[in-house]
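# Structure assessment
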There are 2 protein chains.
Amino acid sequence: METIKIGMLGIGTVAKGTYRTLEMNRRKIEEATGVSLEITKILNRHPERDRGIDIPKEKYVTDADEIFHDPEIQIVVELIGGIDTATEYMAQALASGKHVVTANKAAIMANGQMLQELAQENHVLLRFEASVAGGIPILTAIQDPLAANEFSEILGILNGTTNYILTQMTEHGTNYAVALRDAQEKGFAEADPTADVEGIDMGNKLSILISMIYGFGLPQSQIPTKGITDIASADIEFAKEFGYRIKLLASAKKKGSKLEASVQPTLVPEDHVMAGINNEYNAVYLSGNAVGDLMLYGKGAGSMPTGSAVAGDIISVAREIQKGSAYDLTPPLRYDAKLYYNGEGNSKYYIRLAAVDRPGMLGRIGSVFGRHGIGIQTMIQRSGGNSYSKTVPVIFIVYDINRSNLQTALNEIEQEKSVMSVENVLRVLK
Amino acid sequence: METIKIGMLGIGTVAKGTYRTLEMNRRKIEEATGVSLEITKILNRHPERDRGIDIPKEKYVTDADEIFHDPEIQIVVELIGGIDTATEYMAQALASGKHVVTANKAAIMANGQMLQELAQENHVLLRFEASVAGGIPILTAIQDPLAANEFSEILGILNGTTNYILTQMTEHGTNYAVALRDAQEKGFAEADPTADVEGIDMGNKLSILISMIYGFGLPQSQIPTKGITDIASADIEFAKEFGYRIKLLASAKKKGSKLEASVQPTLVPEDHVMAGINNEYNAVYLSGNAVGDLMLYGKGAGSMPTGSAVAGDIISVAREIQKGSAYDLTPPLRYDAKLYYNGEGNSKYYIRLAAVDRPGMLGRIGSVFGRHGIGIQTMIQRSGGNSYSKTVPVIFIVYDINRSNLQTALNEIEQEKSVMSVENVLRVLK
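So, here's what we can say about the structure.

So, how was this worked out
- Residues numbered from 1 in each chain as written.
- Chains lettered and ligands numbered in written order.
- Predicted model: local features only at pLDDT ≥ 70, side-chain atom pairs only at ≥ 80, totals over all residues.
- Heavy atoms only, no water.
- Helix = DSSP H or I, 4+ residues; strand = E, 2+ residues; numbered from the N terminus.
- Rg over C-alpha atoms; globule rule 2.2 N^0.38 Å.
- Buried < 20%, exposed > 50% of the residue type's maximum accessible area, 1.4 Å probe, protein only.
- Contact = heavy atoms within 4.5 Å.
- Areas by Shrake-Rupley, 256 points an atom, 1.4 Å probe, with all protein chains shown as cover.
- Lys, Arg positive; Asp, Glu negative; His and termini not counted.
- Charge placed at Lys NZ, Arg CZ, Asp CG, Glu CD.
- Pairing = 2+ DSSP bridges.
- 1 Å grid on protein atoms, 1.4 Å probe; cavity = no way out; pocket = protein on both sides within 12 Å on 5 of 7 lines; lining within 4 Å.
- Points joined across faces, edges and corners; volume = space filled by probe spheres on them.
- Nonpolar A, V, L, I, M, F, W, Y, C, P; charged D, E, K, R; others polar.
- Core = buried A, V, L, I, M, F, W, Y, C linked by side-chain atoms within 4.5 Å.
- Least-squares fit on C-alpha atoms with pLDDT ≥ 70 in both.
- Buried area = accessible area lost by both parts, 1.4 Å probe.
- Salt bridge = Lys/Arg side-chain N within 4 Å of Asp/Glu carboxyl O.
- Polar contact = N/O pair within 3.5 Å; in protein donor to acceptor, adjacent residues only side chain to side chain.

The next thing to look at is the overall build of chain A. The helix and strand tally for chain A stands at 14 helices and 16 strands. Against the 2.2 N^0.38 benchmark of 22 Å for 430 residues, chain A shows a C-alpha radius of gyration of 25 Å, consistent with a compact globule. Relative to its 430 residues, chain A shows a buried fraction of 60%. Contacts spanning at least 24 positions in sequence make up 75% of the contacts within chain A whose residues lie at least 6 apart. A total of about 16,000 Å² of accessible surface is found on chain A, and carbon and sulfur atoms cover 47% of it. Charged side chains in chain A number 42 positive and 51 negative. The centres of these two groups are separated by 5 Å.

What follows is the structure, encoded as structure tokens:
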């Protein structure tokens with residue numbers, strides 16, 4: 001049986017998952033591919049440290065050049081993370097005529113175009129299935145079996161940390177701080193959870209999906225992004241009362257040549273299949289003009305699920321190597337589509353106000369909405385009991401409106417004497 | 001731009017969906033593949049009939065040989081359905097050195113091995129993504145991005161007709177006959193729904209999945225199969241009371257070298273993601289030893305969703321043709337795994353009895369279960385009101401037991417004077 005040799009950069013969580021997956025399922029993979037996959041060298045700057053995995057010491061190298069200059073290594077797997085060094089290593093590997101597999105969304109986001117061009121020039125493959133939604137094979141699905149579709153909409157729950165936190169808040173009524181601590185204790189959230197809870201991680205993944213699905217380059221920094229830190233238990237409860245679940249949702253919509261995109265906490269109707277995606281699970285939902293609605297669900301992070309995706313890419317590259325077809329005729333990432341980017345676009349919104357329960361209060365709020373052409377779909381006002389002049393929550397769901405037009409109206413509403421403050425404004429999925 | 005010419009056999013529902021998909025998304029597909037896909041000949045025995053689609057008449061041929069003998073045609077798409085003629089046509093196309101794409105599960109089930117060998121011999125591709133779960137890209141997912149996994153369990157809702165009927169029964173309390181008529185009126189069920197409602201269609205799909213995932217040949221006829229025709233509204237309601245939804249479920253489980261498989265109505269816990277798959281939608285759920293739990297959800301039938309999958313296969317074959325790599329090194333269907341087939345295996349069961357409400361009745365039923373070593377997890381007995389001697393439903397959920405051992409106990413229970421009959425026995429998913 002032919003052997004294909006692999007060099008791995010890094011020996012962290014995902015690298016260990018990849019190594020374990022290839023070892024554990026060695027026989028199955030050999031049967032499925034007719035080839036033996038051998039990780040022969042692993043870049044490990046501190047080979048003396050206990051990595052908690054049984055790997056023959058002689059595989060470790062401390063200099064990445066030992067991998068790039070090894071003529072027997074055909075595939076380089078980049079799993080050190082970060083942007084600059086990882087990019088530099090991938091570029092070096094590609095320039096050395098080696099195929100590259102990575103799980104690094106940040107580097108692909110920042111430098112995917114350059115790396116892909118380098119792969120094309122060197123007639124080798126660059127694969128990054130693990131960089132979006134971990135174990136869920138969304139990139140392969142878009143690239144091949146769904147390639148005959150135009151997609152009008154993408155919805156993604158692409159971050160396990162935030163989905164776990166929101167699920168705990170929804171199911172157990174815990175507040176954000178408690179749920180975050182629980183997520184950290186269970187290993188679903190990092191010590192510094194900023195990139196997750198602020199939606200930045202999800203924005204990076206959405207950016208890669210937009211490039212692959214719409215052929216359009218939209219950096220994360222240009223996507224309107226709002227995290228989950230100001231979601232109150234009250235919002236979760238009122239959303240439930242209206243028949244919704246709050247999810248941190250990445251979304252992109254294409255209407256003709258207009259593209260909308262955002263990452264924000266969103267009220268999802270409870271009978272929508274995305275409302276049932278709970279805990280650390282991720283999902284990607286697509287509306288195709290041939291296939292219709294489609295969803296892929298699974299684990300978006302973790303050592304083994306991400307390792308599964310990296311190993312899948314390695315297998316796919318190995319098959320192409322065997323057939324002498326390990327190059328792309330058309331690159332998967334594209335940035336040249338002629339689209340007009342329209343920010344987050346129009347949407348229904350949920351608005352929670354704190355207001356003083358006195359006669360005429362609702363009428364005055366209602367007339368401000370009316371003046372701004374904002375239609376009210378539904379409303380809840382909690383009673384202040386028998387006495388007037390208490391502060392009560394007032395919640396509206398309003399029909400499709402532009403976020404900045406809505407803000408103008410809300411600024412005006414905040415001037416009303418009865419209104420103490422606008423407590424939260426959240427998008428509502430139709 | 002290079003053109004790849006395609007011959008299509010048949011001009012029925014799926015053929016029209018395929019043609020429309022390729023036309024509608026022509027520009028996107030050309031951008032993604034760098035090639036123009038042209039259906040140049042279509043086998044249509046009755047070109048005079050109005051097919052409800054705008055296709056230039058000169059594409060129609062009445063003799064399949066015009067396609068097989070056309071040296072310019074590289075891909076043959078078989079969409080006439082049925083087994084014998086379809087198989088013969090596919091064999092002829094493969095023997096003529098043409099790649100074959102089909103949506104025909106019955107023919108793949110019956111003759112997949114022979115056809116695959118023929119494809120291997122002729123160094124061409126045989127693709128059939130559309131044959132299982134329509135638009136859902138499950139076969140590609142198994143074959144490539146998930147190839148590094150061993151799967152301990154497969155669950156499938158693989159038939160839109162039965163899932164639609166059960167959803168209507170669950171959501172609106174309608175009985176089976178009414179729900180079936182509704183499904184027929186909406187076009188989700190055929191005039192003769194036997195193959196769907198008896199689970200045979202789902203068994204064929206499970207058989208293909210078992211061949212691709214476990215490398216084991218298990219014909220549909222050997223899979224214990226039970227349809228939905230005897231599901232009563234009472235079963236749906238009691239299941240709900242216990243916290244379950246009834247779904248027609250295809251399932252396969254591998255423990256070591258032991259394989260279990262069945263198609264049968266199953267009580268699915270309401271917090272399981274498969275319990276939320278409603279109406280005509282299909283889903284495949286897999287437990288992989290690296291990726292963990294994964295689910296793919298979408299439309300399993302219909303002109304455009306199935307056409308999307310056929311078009312996806314055509315695109316994938318076209319890409320391989322361009323690279324000169326349009327052949328499989330290892331065939332996707334396999335039948336040679338050394339597994340011991342263990343029927344449907346052990347399971348929890350739901351049992352609904354009609355019994356006469358008199359003193360000691362429950363005790364006697366309980367002791368029969370006890371004698372047979374069957375543990376009772378939970379029980380409901382409806383009261384007969386104030387008077388004894390009325391017939392009442394008694395429902396048990398019992399712990400893991402072999403179906404035939406359970407049957408022995410049930411036969412004994414039916415001999416009890418208080419027990420009128422065993423009304424239904426249904427599998428319960430853990």
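What helix α11 (residues 233–242) of chain B keeps buried is the set D235(B), I236(B), F238(B), A239(B) and F242(B). Once α11(B) finishes, G243(B) follows within two positions and takes phi at roughly 95°, a positive value.

Attention now moves to the pairing of strand β13 (residues 346–356) of chain B. All names here are of chain B. Of all 11 residues that make up β13, 10 are buried, and the element is covered over most of its length. With 8 bridges connecting them, β13 and strand β16 (residues 419–428) associate as antiparallel partners. By the bridge assignment for β16, I351 is matched with V425.

What follows covers empty space enclosed by the protein. Applying the stated criterion to the full structure yields 7 cavities of 30 Å³ or more. Empty space within the largest cavity amounts to approximately 980 Å³. Mapped onto the lining of the largest cavity, the elements with two or more residues apiece are β6 (126–127), α6 (138–143) and α12 (303–323) of chain A together with α2 (26–33), β6 (126–127), α6 (138–143) and α12 (303–323) of chain B. A per-class count over the lining of the largest cavity returns 17 nonpolar, 14 polar and 16 charged.

Ranked by size, the top nonpolar core spans 168 residues in total, and within it I138(A), L209(A), Y214(A), I138(B), L209(B) and Y214(B) carry the most contacts. If we skip the residues at most four places from it in the chain, L209(A) touches V132(A), I138(A), L139(A), I142(A), I154(A), L158(A), Y214(A) and V284(A).

What connects the two chain copies is a rotation about an axis and a shift along it. Overlaying chain B on chain A yields an RMSD of 0.0 Å, the required transformation being a rotation through 180° with an accompanying axial translation of 0.0 Å. One copy is carried onto the other by what is essentially a two-fold rotation axis. Nearest to the rotation axis, the C-alpha of L296(B) is located 2.3 Å from it, this being the minimum over chain B. With an isologous cut-off of 70% or more, the 100% of interface residues of chain B that recur at the interface of chain A puts this contact in the isologous class.

It is worth spelling out the interface of chain B and chain A at this point. Chain B puts 51 residues into the contact, and the matching count from chain A is 51 residues. Across the chain B/chain A interface, buried area totals approximately 4,500 Å², and carbon plus sulfur atoms make up 53% of it. Where chain B packs against chain A, one counts 6 salt bridges. Salt-bridge contacts for E320(A) lead to K323(B); the nearest nitrogen and oxygen are separated by 3.6 Å. For the pair chain B and chain A, the number of links is 23 residue pairs in polar contact (both at pLDDT 80 or more).

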